[in-house]
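Take a look at the letters that make up each chain.
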Amino acid sequence: MNTILDIIGLLFQLYFFALIGYILMSWFPGARDSSIGQFLTTICEPYLEPFRKVIPPLGMIDFSPIVAIFVLNFASSAGISALRSFLFSLFY
């Protein structure tokens, strides 16, 4: 059971780093046109899009990825804790 939860936690961490990489790519012209940039766009944009609809950019600065990262971290910690409690109640 702990192995499954560790894998889920690892997936959250990998997605966190994918988001950071995607955000940093915006600083370099043409970086998102590379194959890695296209892959990160494919996996990150569906998650970031709802946040961009709610939080408009302020000038040239987009704050929605910051909120998205906070939500991801909260979902990771709270979600894994809730899943652990649920699984514990099922099996013990």
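The structure displayed is predicted, hence computed values, not measured ones. (Residues numbered from 1 in each chain as written. Predicted model: local features only at pLDDT ≥ 70, side-chain atom pairs only at ≥ 80, totals over all residues. Heavy atoms only, no water.)

Participant: Just give me the short version of the layout of surface pockets, but keep the residues and values in it.
Facilitator: Estimates place the volume of the largest pocket at around 220 Å³. Lining the largest pocket are Ile20, Tyr22, Ile23, Leu24, Ser26, Trp27, Arg32, Arg52, Asp62, Pro65 and Ile66. For the lining of the largest pocket, the elements supplying multiple residues, two or more each, are helix H1 (2-25) and helix H3 (64-91). Counting residues per element, the lining of the largest pocket draws most heavily on H1, at four residues. Its residues placed into classes, the lining of the largest pocket shows seven nonpolar, one polar and three charged. (1 Å grid on protein atoms, 1.4 Å probe; cavity = no way out; pocket = protein on both sides within 12 Å on 5 of 7 lines; lining within 4 Å. Points joined across faces, edges and corners; volume = space filled by probe spheres on them. Helix = DSSP H or I, 4+ residues; strand = E, 2+ residues; numbered from the N terminus. Nonpolar A, V, L, I, M, F, W, Y, C, P; charged D, E, K, R; others polar.)

Participant: Explain the packing of aromatic side chains to me, using residue names and the numbers behind them.
Facilitator: Tallied over the entire structure, the rule returns three aromatic pairs. Arranged with centres 5.3 Å apart and planes meeting at 70°, the rings of Phe16 and Phe17 form a pair that is edge-to-face. By relative accessible area, Phe17 is classed as exposed at 56%. Taking the centre distance of 5.2 Å and the plane angle of 65° together, the rings of Tyr47 and Phe51 count as edge-to-face. Highlighted residues: Tyr47 and Phe51, both in helix H2 (residues 35-54), separated by four residues, approximately one helical turn. By relative accessible area, which is 17% here, Phe51 ends up buried. Between Arg32 and the ring centre of Tyr22, over which it is positioned, the NZ or CZ distance is 3.9 Å. (Phe/Tyr/Trp six-rings, centres within 6.5 Å; stacked < 30°, edge-to-face > 60°. Buried < 20%, exposed > 50% of the residue type's maximum accessible area, 1.4 Å probe, protein only. Lys NZ or Arg CZ within 6 Å of the ring centre and 35° of its normal.)

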